[in-house]
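Listed here are the chains, written in short residue letters.
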Amino acid sequence: MEARNPKQDKERMIHVRLSEAMHKKVRIRAAETDQTIQDWVFAAIRRELERQDKKGEKHE
């Protein structure tokens, strides 16, 4: 059995400030895709990081 690293499984939270207009757009897009805002934002960040990886851009 492989030992699990607890640090790898830990989820971290971030707080993002949005204008009312941007929040409304995100809320609408999330609803259009039947997702929560949290899930939609997570997917958007993941897509951007993958896009950057394909371009060879650095991120941490």
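Residues numbered from 1 in each chain as written. Predicted model: local features only at pLDDT ≥ 70, side-chain atom pairs only at ≥ 80, totals over all residues. Heavy atoms only, no water.

S.K.: Sorry, what's going on with the pattern of salt bridges here?
M.R.: In a structure, side chains of opposite charge can pair up when their charged atoms sit close to one another. This model, assessed by the stated rule, comprises two salt bridges. Measuring nitrogen to oxygen at the nearest pair gives 3.9 Å for the salt bridge that ties glutamate 32 to arginine 29. Taken as a pair, glutamate 32 and arginine 29 lie in helix α2 (residues 20-32) at a separation of three residues, close to a single helical turn. The class for glutamate 32 is exposed, based on a relative accessible area of 58%. A salt bridge links glutamate 48 to arginine 51; the shortest N-O distance between them is 2.6 Å. In this pair, glutamate 48 and arginine 51 both sit in helix α3 (residues 37-55), three residues apart, roughly one turn of the helix. (Salt bridge = Lys/Arg side-chain N within 4 Å of Asp/Glu carboxyl O. Helix = DSSP H or I, 4+ residues; strand = E, 2+ residues; numbered from the N terminus. Buried < 20%, exposed > 50% of the residue type's maximum accessible area, 1.4 Å probe, protein only.)

S.K.: Looking at this model, I keep getting lost on the layout of surface pockets. Mind explaining?
M.R.: If you roll a probe as big as a water molecule over the atoms, it shows you where there is empty space left. Approximately 660 Å³ is the volume attributed to the largest pocket. Lining the largest pocket are 15 residues, with Met13, Ile14, Gln38, Val41 and Phe42 positioned closest to its centre. Looking at the lining of the largest pocket, the elements that each hand over two or more residues are α2 and α3. Here the lining of the largest pocket gets six residues from one element, more than from any other, and that element is α3. (1 Å grid on protein atoms, 1.4 Å probe; cavity = no way out; pocket = protein on both sides within 12 Å on 5 of 7 lines; lining within 4 Å. Points joined across faces, edges and corners; volume = space filled by probe spheres on them.)

S.K.: Mind showing me how you'd approach a nonpolar patch on the surface here?
M.R.: Together, Ile14, Val16, Leu18, Met22, Ile45 and Leu49 give the surface a local cluster of nonpolar side chains, amounting to about 530 Å² of exposed area. Among the structural elements, methionine 22 can be located in helix α2. (Patch = residues over 30% accessible without salt bridge, like charges linked within 9 Å, V, L, I, M, F, W, Y side chains within 5 Å. Areas by Shrake-Rupley, 256 points an atom, 1.4 Å probe, with all protein chains shown as cover.)

S.K.: Got a minute to help me understand the environment of valine 26 in this structure?
M.R.: Inspection of the secondary structure puts valine 26 in helix α2. Sequence separation between valine 26 and valine 41 is 15 residues, and the spatial gap between their C-alpha atoms is 8.0 Å. Residues within four places of valine 26 in sequence aside, it is in contact with Leu18, Ile37, Trp40 and Val41. (Contact = heavy atoms within 4.5 Å.)

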